[in-house]
Amino acid sequence: MDFGVAIFATHDSIRPGDVARLAEERGHESLFFPEHTHMPAAHSPHPSGQPLPHRYSHTFDLFVAMTAAVTATSRLRVGSGVCLVIQRDPIITAKETASVDYLSGGRLEFGVGAGWNREEMANHGTDPRKRMAVMRENVDAIKAIWTHDEASYSGEFVRFDRIWSWPKPAQRPHPPVIVGGDGPTVFDRVLAFGDAWMPNYAPSGILERAAQLRARADRRISLQVMGIPADPKEIAAYAAAGFDRVVHWLPSAGRGPVERALDAYESANAEFTGG
């Protein structure tokens with residue numbers, strides 16, 4: 001099982017390249033960045049039920065952060081956790097993802113999701129009621145651009161005819177598409193266009209649902225979890241359930257608090273592995 005970390009990289013915390021270098025030096029396999037282009041002042045309630053954390057409206061652009069991270073490292077896999085594809089132009093997103101993957105030598109992990117903030121979606125012109133259909137078309141269109149020298153796509157929300165777009169991703173046939181979320185219909189999306197499922201950590205329910213997904217799948221689906229606590233028992237439970245990667249959130253803070261969080265996570269990992 002691989003051990004990764006994630007962080008809301010903000011302008012008032014450790015820089016994306018610095019945290020990436022730190023993660024690689026300390027032996028972590030991957031680093032993920034979330035995405036929020038902005039936060040509407042009047043927004044949907046945060047899923048936690050708590051006031052909106054400061055970091056949501058202060059995070060760097062996702063692709064700027066990922067580029068800084070791959071530039072500062074040579075082995076670390078760098079991913080979106082998750083890219084809000086329903087708020088993005090798929091042609092531009094295909095270009096950006098392919099560029100990061102090419103420049104990194106094939107180290108991009110493309111996590112995708114629809115998000116929770118309906119006002120944020122609406123500000124990008126996306127009808128929240130249609131967001132799942134938009135997500136599927138956007139991902140399918142991105143894959144078409146990645147994998148065809150001359151790509152076309154005709155859907156309800158995305159349409160283009162015979163386009164050229166290079167570079168192509170370094171990974172073949174394309175970077176892994178990791179589907180985030182844990183809603184009632186998430187498996188439909190994973191099975192339709194995903195290579196992996198990455199729900200948010202929960203103390204119950206996720207492991208049982210993972211077994212259900214594998215029972216439905218007719219191909220291998222990687223299981224990954226976002227937000228695992230620094231707890232060897234929880235890590236062991238997800239490993240026993242067949243998860244390939246666990247990812248631990250780091251604080252949006254300076255180097256000192258980030259290093260202390262890494263210490264605690266690494267201690268839990270060592271206890272789990274017996275190292």
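For the structure given in this document, a descriptive report is provided here. (Residues numbered from 1 in each chain as written. Predicted model: local features only at pLDDT ≥ 70, side-chain atom pairs only at ≥ 80, totals over all residues. Heavy atoms only, no water.)

1. A closer look at the overall build of the protein
Defined as follows: Here a strand is any run of E in DSSP of at least two residues, a helix any run of H or I of at least four, and the numbering for each starts at the N terminus. Computation of the radius of gyration draws on C-alpha atoms alone. For the globule rule, the value is 2.2 Å times the number of residues to the power 0.38. Partly exposed residues are those whose accessible area sits between 20% and 50% of the maximum for their type, while under 20% is buried and over 50% is exposed, using a 1.4 Å probe and protein chains only. Contacts are residue-level and defined by heavy atoms, with any inter-residue pair within 4.5 Å sufficient. Every accessible area reported is derived by Shrake-Rupley at a probe size of 1.4 Å, with residue values counting cover from the shown protein chains alone. Counting rule for charge: Lys and Arg are taken as positive, Asp and Glu as negative, and neither His nor the chain ends is counted. Charged groups are reduced to one reference atom each: NZ for lysine, CZ for arginine, CG for aspartic acid, CD for glutamic acid.
A tally of helices and strands in the protein yields nine helices and ten strands. Rg of the C-alpha trace for the protein: 18 Å, near the compact-globule value of 19 Å for 275 residues, within the 12% margin. With the C-alpha coordinates of the protein rotated into their principal frame, the extents come out at 55 × 40 × 40 Å. Within the protein, buried positions represent 52% of all 275 residues. For the protein, restricting intrachain contacts to residue pairs at least 6 apart in sequence, the fraction spanning at least 24 positions comes to 69%. Carbon and sulfur atoms make up 51% of the accessible area of the protein, which amounts to about 12,200 Å² in all. Averaging the coordinates of the 29 positive side-chain charges in the protein and doing the same for the 33 negative ones gives two points 2 Å apart.

2. So, the pairing of strand β1 (residues 2-6)
So the rule is basically this: For two strands to be treated as a pair, DSSP must find no fewer than two bridges joining them.
Counting buried residues along β1, four of its five residues qualify, which places the element largely inside the surrounding structure. Alignment of β1 against strand β2 (residues 30-33), held across three bridges, turns out to be parallel. Note that in β2 the partner of Val5 across the bridge is Leu31.

3. Describing helix α2 (residues 62-71)
Here is the rule we go by: Note that the arc is computed from the directions linking the helix axis to the C-beta atoms. Polar contact criterion, stated in full: a pair of N or O atoms within 3.5 Å, where within protein one must be able to donate a hydrogen and the other to accept it, and residues adjacent in sequence count only if both atoms are side-chain atoms.
Turning to α2, its buried residues are Leu62, Phe63, Ala65, Met66, Ala69 and Val70. The buried residues of α2 occupy one face: seen down the axis, they fall within an arc of 155°. Of the exposed residues in α2, the ones pointing more than 90 degrees away from its buried face are Val64 and Thr71. On its buried side, α2 packs onto α1 (16-25), β2, β3 (77-84), α3 (90-104) and β4 (108-113). The backbone nitrogen of Phe63 lies 3.0 Å from a side-chain oxygen of the residue at the head of α2, namely Asp61.

4. With respect to the nonpolar core
Inside soluble globular proteins, nonpolar side chains tend to come together where they are buried. For clarity, the threshold we go by: Side-chain atoms within 4.5 Å link the members of a nonpolar core, which is a set of buried Ala, Val, Leu, Ile, Met, Phe, Trp, Tyr and Cys residues.
By size, the foremost hydrophobic cluster in this structure holds 68 residues, and its most contacted members are Ile7, Leu31, Phe33 and Trp197. Examining the composition of this core, we find that eight residues originate from one element, helix α5 (residues 131-147), more than from any other. Beyond its immediate sequence surroundings of up to four residues, Ile7 is in contact with Ile14, Val19, Leu31, Phe32, Phe33, Pro34, Trp249, Leu250, Pro251, Ser252 and Val258. In this structure, Ala6, Phe32, Ile178 and Ala196 belong to the second largest nonpolar core, which totals seven residues.

5. Describing α5
To keep things clear, this is the line we draw: Each residue after the first adds 1.5 Å to the expected span of a helix.
Counted at 1.5 Å a residue, the expected span for α5 with its 17 residues is 24 Å, and the 24 Å between its end C-alpha atoms agrees. With respect to burial, α5 is a largely interior element, twelve of its 17 residues being buried. The set of residues buried in α5 consists of Arg131, Val134, Met135, Glu137, Asn138, Val139, Ala141, Ile142, Lys143, Ala144, Ile145 and Trp146.

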